[in-house]
Amino acid sequence: MPNDFAADVLVCGAGAAGLTLAIELARRGVSFRLIDRMGEPFHGSRGKGIQPRTQEVFEDLGILDKVVAAGGIYPMMRDYRPDGSFVEKDFGERPEPMPAEPYHIPLMIPQFMTERIMRERLTELSGHVEFGCALVGFEQDDNGVTARLSGPGREEAFRVRYLVGADGGRSFVRSALGVGFPGKTLDVGAMVADVALTGLDRGWWHQFNDGDMQWMLSICPLGGTDLFQLQGPVPQEGEVDLSAEGLQHMIAERTKRNDVRVQSVSWASAYAMNARLAERYRVGRVFLTGDAAHIHPPTGGQGLNTSVQDAYNLGWKLAAVLRGASDDLLDSYECERRPVAEAMLGLSTRLLEAGKRGEIKRGREVRQLDIGYPNSSVNVESSPKRDGIRAGDRAPDAPIAGAAGHPSRLFQLFRGAHWTLLVNGQGAVAPRPGLHIHRLGEKGDIVDALDHVDAAYELAQGECVLVRPDGYVAAVLSLGPAGSAELETCLDRMGLPAYCEAQQ
Ligand SMILES: Cc1cc2nc3c(=O)[nH]c(=O)nc-3n(C[C@H](O)[C@H](O)[C@H](O)COP(=O)(O)OP(=O)(O)OC[C@H]3O[C@@H](n4cnc5c(N)ncnc54)[C@H](O)[C@@H]3O)c2cc1C
């Protein structure tokens, strides 16, 4: 095969995963194409819960404030009894923000709005989605992938170094690779619909017949819109009438109310719930990400979040390897992300079972802040005796001040495509392009006046913490001769060229 690459990466599918990946590649200057077989953007609400860890990712991608401004937070619930009376309750815990965890509760924004904001960010970075362009075949060899694309009135072959299947639960890429998708189809059918309706207060999430798998109905006002999202179980056999009349009938039957009137339906879907995990996330130069790699019940609002974080994990690694990092960095994608999906499949299935009993409790685990990569090959192991932060942990935030006196946060220092090294004290570190070095302590450029960095990182004098571009700790090292050598080796492996080499 000739190596006349038209772009470095082809991203197949412009849902939340494909868009995240494209933003990550665009802000690192990697050439890519992002295609979607649909003629226009998807317009359904589907994944409406944005978890705190994804909010941190969105801050780094430069879209968090827009997502917050466009959406909202989940309202309290009204849980109706059969006689029409109701109790008010919260759908989950609402902990206070903490210095180390600034985002504490899920946001609510329909998926079509999240994706619109992502496309706008991509445009700022000079990227775009090619709608109406489907991947219909591909072959890979040692050097690249030749993809066959099809759109209205055109077919083309296109050669890239890497292909990423971000093409959803029925992934064409996954089946073309022959990657198994074991798991099960759960004995639950469900419908979801975005409707304009009258007769219900938009200040509440209305829940009828909670735990009754025949009559349950959830009617939730969709933040940032005039719509409500209806969700409920439906029989797996036979057609479900998702027209305005059909949904009107369903509402009357399940709520025993005639004052709730459906005005229009903007999107609706009936589906069978599945819990499945791809056997592999990488085959040679082809990767699977998002729903293409895992599907599960929507309980707990994990799918879109996990998909965004998959792509966020893969993006910087593809860019690094294209710039010269060792190829095995790309193997760490599956090794880090597949166990996360496996755990999330278990969590969302357990929550589904609890939901069937009307006992669903969304605790800390749904917020995804404790996800980490303790067994990653990227980690440089710190001393096993070390307390506090370890390689593979999420790097916490902390309010700080710059030496010039301005208030700042660690997340502000981490934001961007670079690596960050936080050094406690004056140990010597050679600067490198792509590495931002910040120092605490006397003559440091950052001031930990309230000891939040100390509380979160517990760095001894002369210790440093190396933070990856995706906000996870790669190493905690003592900057003696051995630690400094380990740091240099790690940075070399990650494709961060030593300064003198970069000058040549
Ligand atoms: C009812 C419901 C409620 C949900 N609620 C939540 C929630 O609250 N929180 C949450 O996190 N998640 C939720 N989810 C899950 C969430 O919607 C998905 O996890 C998310 O959409 C996955 O994103 P993705 O980009 O991987 O895939 P998708 O959004 O499915 O995008 C895949 C894209 O690939 C394109 N494509 C497919 N084949 C090709 C091809 N051959 N060539 C080119 N393009 C192709 C498709 O057109 C599509 O646009 C919910 C899902 C459902 C169904």
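Residues numbered from 1 in each chain as written. Predicted model: local features only at pLDDT ≥ 70, side-chain atom pairs only at ≥ 80, totals over all residues. Heavy atoms only, no water.

In the nomenclature of an unreviewed UniProt entry, the chain corresponds to FAD-binding protein from the organism Paracoccus onubensis. What UniProt states about the chain under its Cofactor (unreviewed entry) heading is, verbatim, "FAD". Regarding the chain, the UniProt comment filed under Sequence similarities (unreviewed entry) reads as follows: "Belongs to the PheA/TfdB FAD monooxygenase family." (UniProt positions renumbered as here; feature names shortened; annotations may be inferred.)

Asks: How should I be thinking about helix 8 (residues 328–356) in this particular structure?
Replies: In an α-helix, one turn spans 3.6 residues; hence positions three or four apart end up facing the same way. Here helix 8 contains 29 residues, and its C-alpha end-to-end distance of 43 Å stays within 8% of the 42 Å for a straight helix at 1.5 Å per residue. In the segment just after helix 8, Gly358 is the residue with positive phi, at about 70°. (Helix = DSSP H or I, 4+ residues; strand = E, 2+ residues; numbered from the N terminus. Expected span 1.5 Å × (residues − 1).)

Asks: When you look at the layout of surface pockets in this model, what are you seeing that I'm missing?
Replies: Sizing a probe to match a water molecule and rolling it over the atoms shows the empty space that remains. Roughly 360 Å³ of volume is contained in the second largest pocket. Every element with two or more residues in the lining of the second largest pocket is listed here: strand 12 (183–198), strand 15 (228–234) and helix 6 (244–255). Broken down by element, the lining of the second largest pocket gets its largest block of residues, five residues, from helix 6. (1 Å grid on protein atoms, 1.4 Å probe; cavity = no way out; pocket = protein on both sides within 12 Å on 5 of 7 lines; lining within 4 Å. Points joined across faces, edges and corners; volume = space filled by probe spheres on them.)

Asks: In this structure, what is going on with the site of the ligand? I would like to understand it.
Replies: Asp36, Arg46, Gln111, Asp291 and Leu304 are the nearest of the 32 residues found near the ligand. Interatomic distance of 3.1 Å between a backbone N/O atom of Gly303 and an oxygen atom of the ligand. Asn305 has a polar side-chain atom sitting 2.9 Å from an oxygen atom of the ligand. Starting from 1,000 Å² of accessible surface for the ligand in isolation, the protein chains cover 91%. Counting residues per element, the ones that place at least two in the shell around the ligand are helix 1 (16–26), strand 9 (134–140) and helix 7 (303–322). A per-class count over the shell around the ligand returns 13 nonpolar, 13 polar and six charged. (Near = heavy atom within 4 Å. Polar contact = N/O pair within 3.5 Å; in protein donor to acceptor, adjacent residues only side chain to side chain. Areas by Shrake-Rupley, 256 points an atom, 1.4 Å probe, with all protein chains shown as cover. Nonpolar A, V, L, I, M, F, W, Y, C, P; charged D, E, K, R; others polar.)

Asks: When you look at the sheet that holds strand 22 (residues 419–424) in this model, what are you seeing that I'm missing?
Replies: As a general point, the strands of a sheet are linked pairwise by backbone hydrogen bonds and lie either parallel or antiparallel. Taken in spatial order, the four strands line up as 23-22-25-26 in an open sheet, and their pairing is mixed. Strands with a single pairing partner mark the edges of an open sheet, and in this sheet they are strand 23 (435–440) and strand 26 (473–478). When strand polarity is set aside, the average angle formed by the axes of neighbouring strands in this sheet is 15°. In the sheet, strand 22 pairs with strand 23 via six bridges, with the strands oriented parallel. In the sheet register, Asn424 faces strand 23, and the bridge partner there is Leu440. Lying on the sheet, helix 11 (residues 481–493) is in contact with strand 22, strand 23, strand 25 (463–467) and strand 26; it crosses strand 26 at an angle near 155°. (Pairing = 2+ DSSP bridges. Axes fitted to C-alpha atoms, helices over the stretch in contact; angles between N-to-C directions. Contact = heavy atoms within 4.5 Å.)

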